[in-house]
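Each chain, written out:
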Amino acid sequence: MTSSTHSAAASLARFQTLLRMPTVSRLDESSTDWAVFDGFVAALPALYPALHAVLEREVVGGHSLLYRWAGVEPGDPAVLMAHYDVVPAGEEGWTHPPFAAELVGEGAEREVWGRGTLDDKGALAALLEAVEASVLAGVRPRRDVYLSFGHNEETSGTGAKAIVRTLRERGIRPAFVLDEGGAVVEGVFPGVRAPSAMIGVSEKGVTTITLTVHQRGGHASTPPRRTATDRLARAVVRLGRRPFPARITPTTARTLRTIGEHATGPMRFALTRQRLSGPLLLRVLARLGDETSAMVRTTSAVTQLQGSAAANVLAERAVATVNVRVAVGSSVAEALRHVRRAVRDSAVLVEALDPSEPSPVSPASGSAWELLSSTTTAIFGEVIVTPYVQLGASDSRHFAEISDHVYRFTPFEMTTGQRGSLHAVDERMHVDTWLRGIAFYTRLLRGL
Ligand SMILES: [Zn+2]
């Protein structure tokens, strides 16, 4: 065994140790097993001793971690982010158990299985490996580098918010922020053969909209002509029949153009000649798949329905919970107006909870962008590097308050099957992919 395969094996073993700790985020944080989180935080110094000898570490907002690696020069720092909480996973349905970190397959096909491999302990462990190796190699960053590790990204993100508050109070304005986000993917667009490195320069907003109908209750044996639940059902159906308007923003236009230049046939024409193909293009994107459809509009999904507590009791209060992802260029207020118009019923109360507006757009040019795209090309070779609007929400949205250069990119190649395992059963990643992620962060650190 050569020394490099030996160190890769040791790195992988440390990653497996982190994967085996079920740091599961629960929406109701009182049911979170915080002892597991304490154990995770306590395990890190022994796993990455060189890093912990050189970087300062503080615990922020309960269980989030903020590390500072002092640079040799003054100047605005960089922040590299990840989160160590994961979404719940029962054993049910998994081919290999979610918290065993089993290695399956041989050679280039070898995969590490488990909850958190892709989201987001893979990035966290790769970052730790890159910094540990850099410290051991005597590297010092030019400017300060912070590592920001959230503990509740999957639920509220209060940890990342607390870190942003801490940095702001110290007058720190990061010149560069990188969090999880797009990956190196294939097959998003038909007719495009080369893989694309999707770098998020913004993300959609998110809010929960509730539809509520109040009515006098009573026995289900003498129902009124229209019950609260009938009204609510009608509202839900009406909302489903009226999708949000589709629109191509400047960022999405650039994504399509960049990818389109590598496409063949009619796809190339549609993507690169948007002025000619505009309305047609919107229709094509809406039909291509759920992902491309979500790229061009605000989306809504009814995720929860609530009626009465008993089978023979009329609901006094019927509630539908709608998860809404707000397109860049739109707003929570605009989404609310659309839902009210769609529902067309003054007896249905429409309210927005926890509104989070779409993020400002970070520039896809300039030194921060160039560093990110040149590092990506150096590590992944022939890939199409493109900015895009991230569909899901991440902790990085809080950093837009203190930085104009917030990027969302997870430096891993993900197959369609692997992407489908995010937040689902059978989450897994190729071992070689993870090792390449370490190389990405190591190279990036030298450019910061
Ligand atoms: Zn995540």
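Here the structure is a predicted model, which is why all the values come from computation and not from measurement. (Residues numbered from 1 in each chain as written. Predicted model: local features only at pLDDT ≥ 70, side-chain atom pairs only at ≥ 80, totals over all residues. Heavy atoms only, no water.)

(A) Structural detail: a positive patch on the surface. Residues Arg242, Arg337, Arg341 and Arg344 make up a contiguous surface patch of positive charge. Within the secondary structure layout, Arg344 lies in the loop between α11 (332-343) and β12 (349-356). Here Arg344 falls in the exposed class, since its relative accessible area comes to 57%. (Patch = residues over 30% accessible without salt bridge, like charges linked within 9 Å, V, L, I, M, F, W, Y side chains within 5 Å. Areas by Shrake-Rupley, 256 points an atom, 1.4 Å probe, with all protein chains shown as cover. Salt bridge = Lys/Arg side-chain N within 4 Å of Asp/Glu carboxyl O. Lys, Arg positive; Asp, Glu negative; His and termini not counted. Charge placed at Lys NZ, Arg CZ, Asp CG, Glu CD. Helix = DSSP H or I, 4+ residues; strand = E, 2+ residues; numbered from the N terminus. Buried < 20%, exposed > 50% of the residue type's maximum accessible area, 1.4 Å probe, protein only.)

(B) Molecular detail of the sheet that holds strand β10 (residues 299-306). Here we have four strands laid out as an open sheet, ordered β10-β11-β9-β12, and antiparallel in their pairing. Where the open sheet ends on each side, the last strands, each with one partner, are β10 and β12. Across the sheet, the mean angle separating the axes of adjacent strands is 20° when strand polarity is ignored. With 10 bridges connecting them, strand β9 (residues 205-214) and strand β11 (residues 317-326) associate as antiparallel partners. Residue Thr210 lies in a different strand from β11, and its bridge partner there is Thr321. Sitting on the sheet, helix α6 (residues 228-241) touches β9, β10 and β11, and the angle it makes with β11 is about 15°. Helix-sheet contacts for α11 involve β9, β11 and β12, and the interaxial angle to β12 is about 160°. (Pairing = 2+ DSSP bridges. Axes fitted to C-alpha atoms, helices over the stretch in contact; angles between N-to-C directions. Contact = heavy atoms within 4.5 Å.)

(C) Main features of the coordination of the zinc ion. Within the protein, the atoms that donate to the zinc ion are His83 (NE2), Asp119 (OD), Glu180 (OE) and Glu180 (OE), at distances of 1.9 to 2.5 Å. Around the zinc ion sit four donor atoms, and with donor-metal-donor angles ranging over 55 to 151° the site reads as irregular. In primary-sequence terms, the residues that donate to the zinc ion follow H-x35-D-x60-E. Within this pair, whereas Asp119 is found in the loop between β5 (111-113) and α4 (121-136), its partner Glu180 is found in strand β7 (residues 176-185), the two being separated by 61 residues in sequence. A relative accessible area of 7% places Asp119 in the buried class. Judged by its relative accessible area of 11%, Glu180 falls in the buried class. (Donors = N, O, S within 2.8 Å, 3.2 Å for Na, K, Ca; no water. Tetrahedral: all angles 85-135°; square planar, octahedral: opposite > 155°, others 65-115°.)

(D) Broad picture of the side chain of Ser356. In this structure, Ser356 sits in strand β12. Its relative accessible area of 16% is what places Ser356 among the buried residues.

(E) Representation of unusual backbone geometry within the structure. The residue after Asp119, namely Asp120, is reached through a cis peptide bond having omega 0°. Even without glycine at this site, Ala101 takes up a positive phi of about 55°. Examined against the element boundaries, Ala101 turns out to sit in the loop between β3 (78-83) and β4 (103-104).

(F) Structural detail: the packing of α6 against α11. For the pair α6 and α11, interaxial distance at closest approach is 8 Å and the crossing angle is 115°. Crossing of α6 over α11 shows right-handed handedness. Only Val339, Ala342 and Val343 of α11 make contact with α6, whose side of the interface consists of Ala235, Arg238 and Leu239. Partitioned by chemical class, the residues of the contact of α6 with α11 number five nonpolar, no polar and one charged. (Left-handed = near helix turned anticlockwise from the far one by under 90°. Nonpolar A, V, L, I, M, F, W, Y, C, P; charged D, E, K, R; others polar.)

(G) Seen up close, the nonpolar core. Formed by 83 residues in total, the largest nonpolar core has its most connected members in Leu18, Leu80, Phe176 and Leu178. By residue number, the principal contributor to this core is α4, which donates nine residues. Once residues within four sequence positions are removed from consideration, Leu80 is found in contact with Leu127, Val145, Tyr146, Leu147, Ser148, Phe149, Phe176, Leu178, Leu444, Leu445 and Leu448. Membership of the second largest hydrophobic core comes to 21 residues, among which are Leu211, Val213, Ala318 and Ala335. (Core = buried A, V, L, I, M, F, W, Y, C linked by side-chain atoms within 4.5 Å.)

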